[in-house]
Amino acid sequence: MPRAPRVLAGRRPRPLTAVSLALALALVAAGFAAWAGEDWYAAAHDDRSAYAAQRDEVLAAGEQAVQNLNTLDHRDLDRGLDLWESSTTGELREQLASGRERFAEQVKAAKTVTTARVLSGAVTELDDRAGRARVLVALRVTVKASDGTRTDKDSRMLGELTRTKSQWRLSALGQAPVGGASAG
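Small disclaimer: the values here were computed from a predicted structure and weren't measured.

J.: Just to check I follow, could you spell out the overall build of the protein for this structure?
T.: Each helix and strand counted, the protein has five helices and five strands in total. Sequence-ordered secondary structure for the protein, helices as α and strands as β, is α-α-β-α-α-α-β-β-β-β. Put simply, the protein has 184 residues, and 26% of those count as buried. For the protein, the proportion of contacts with a sequence separation of at least 24, taken over those separated by at least 6, is 51%. Of the roughly 13,200 Å² of accessible surface on the protein, 54% is carried by carbon and sulfur atoms.

Structure follows, in structure tokens:
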């Protein structure tokens, strides 16, 4: 005799199925947490972000130092020349210090006020291990003569920076070649 079909109305889920579903969801969540944690750890310990921060620091120091060395007011020479020396290191600083008296006399006689404004800048080379960097800085230098006339000149400067104990300082500075002119 055939059996009568059972009606399963109001059936409760099996406890094993609910536990299996909860376990599967927990495993997916744990897998996602592990993936996200590994990704975060890799990003936090990536040398590229430290290098980028160092590059930004070099650029800011280079732009400021180039601006400092192109700004001088005959009415406050000592402050300006002190700023020049504090922005530099090595041979460049020695050259500035040894020629300070003669240069101060020339600026006092000319009675000029020179101000510089950075237009743009870029780090062209950075060797973090050696503590050396090079920057290219475009700036506008305004010279106000004693008779009140003003002259603006745009220039591009190449600077070399050296890391000292406290900060990056300018160790060499020169005019960048323009157009087809060679650097050497």
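Next, the rest of the story.
J.: Got a minute to help me understand the confidence of the model for the protein in this structure?
T.: Low-pLDDT stretches of the model should not have their predicted coordinates read in fine detail. Averaged over every residue, the pLDDT of the protein is 90; the share at 70 or more is 89%. Between the elements of the protein, mean pLDDT differs from a low of 85, seen in helix H1 (residues 15-44), to a high of 98, seen in strand S3 (residues 132-144).

J.: Just to check I follow, could you spell out the nonpolar core for this structure?
T.: The tendency in soluble globular proteins is for nonpolar side chains to be buried side by side. Of all hydrophobic cores here, the largest spans 23 residues; its most connected members are Val58, Leu139, Leu161 and Leu170. Of all elements in the fold, only helix H2 (47-68), helix H3 (77-86), helix H4 (90-98), helix H5 (100-110), strand S2 (113-127), S3, strand S4 (150-163) and strand S5 (168-175) reach the threshold of two or more residues within this core. Here Leu161 is in contact with Val58, Ala61, Gly62, Gly131, Arg132, Ala133, Val135, Trp168, Arg169, Leu170 and Ser171, once residues within four sequence places are set aside.

J.: How should I be thinking about the pattern of salt bridges in this particular structure?
T.: Note that side chains of opposite charge can pair when their charged atoms are close. A full pass over the atoms with the stated rule returns nine salt bridges. Here Arg100 and Asp82 are joined by a salt bridge, their closest N and O atoms 2.9 Å apart. Placement of the pair is Arg100 in helix H5 and Asp82 in helix H3, with a sequence separation of 18 residues. Judged by relative accessible area, which is 16%, Arg100 ranks as buried. The partly exposed category is assigned to Asp82, whose relative accessible area is 42%. Between Asp128 and Arg163 there is a salt bridge, with its nearest N and O atoms 2.8 Å apart.

J.: Explanation requested: the sheet that holds S3 in the structure shown.
T.: The strands making up a sheet associate through hydrogen bonds between their backbones, and the pairing can be parallel or antiparallel. Strand order in the open sheet formed by five strands is S1-S2-S3-S4-S5, and the pairing between neighbours is antiparallel. In this open sheet, the two strands that pair with only one neighbour each are strand S1 (72-73) and S5.

J.: Help me understand the pairing of S5 in this model?
T.: When a strand is regular, its side chains alternate between the sheet's two faces. Note that S4 and S5 share seven bridges and pair antiparallel. Bridging from a neighbouring strand, Gly159 pairs with Leu173 of S5. Hairpin remark: S4 followed by S5, antiparallel, with four residues in the connecting loop.

J.: How should I be thinking about the packing of aromatic side chains in this particular structure?
T.: When we look at a pair of aromatic rings, we describe it by the centre distance and by the angle of the planes. Tallied over the full model, the rule gives two aromatic pairs. A ring pair is formed by Phe32 and Trp35, whose centres lie 5.8 Å apart and whose planes are at 40°; its orientation type is tilted. Taken as a pair, Phe32 and Trp35 lie in helix H1 at a separation of three residues, close to a single helical turn. Of the two residues, Phe32 and Trp35, neither departs from the other in class, the shared state being exposed. Geometrically, the ring pair formed by Trp84 and Phe103 is tilted, given 5.3 Å between the ring centres and 40° between the ring planes. Residue Trp84 is found in helix H3, and its partner Phe103 is found in helix H5; the two are separated by 19 residues along the sequence.

Rules of the game
Each chain has its residues counted from 1, following the order in which its sequence is written. The predicted origin of the model limits local features to residues at a pLDDT of at least 70 and limits the giving and counting of side-chain atom pairs to 80 or more, whereas totals for whole chains, interfaces and linings rest on all residues. Excluded from the side-chain calculations are hydrogens and water; all other atoms, namely the structure's heavy atoms, are used. A run of H or I in DSSP becomes a helix once it reaches four residues, and a run of E becomes a strand once it reaches two; helices and strands are each numbered from the N terminus. Each residue is assigned to one of three classes by its accessible area relative to the maximum for its type, calculated with a 1.4 Å probe on protein chains only: buried under 20%, partly exposed between the two thresholds, exposed over 50%. Here, two residues are considered to be in contact whenever any of their heavy atoms come within 4.5 Å of each other. Here the open area of atoms and residues is found with the Shrake-Rupley method and a 1.4 Å probe, where only the protein chains shown may cover a residue. Every residue carries a pLDDT, the predictor's confidence in it, which falls somewhere between 0 and 100. Among buried residues, the Ala, Val, Leu, Ile, Met, Phe, Trp, Tyr and Cys ones that are joined through side-chain atoms within 4.5 Å form a nonpolar core. By convention in these notes, a salt bridge is any Lys or Arg side-chain nitrogen within 4 Å of a carboxyl oxygen on Asp or Glu. If DSSP finds at least two bridges between two strands, the strands pair. Note on aromatic pairs: the rings of Phe, Tyr and Trp (six-membered ring only in Trp) are paired at centre separations within 6.5 Å, and the planes decide the class, stacked below 30 degrees, edge-to-face beyond 60, tilted for the rest.

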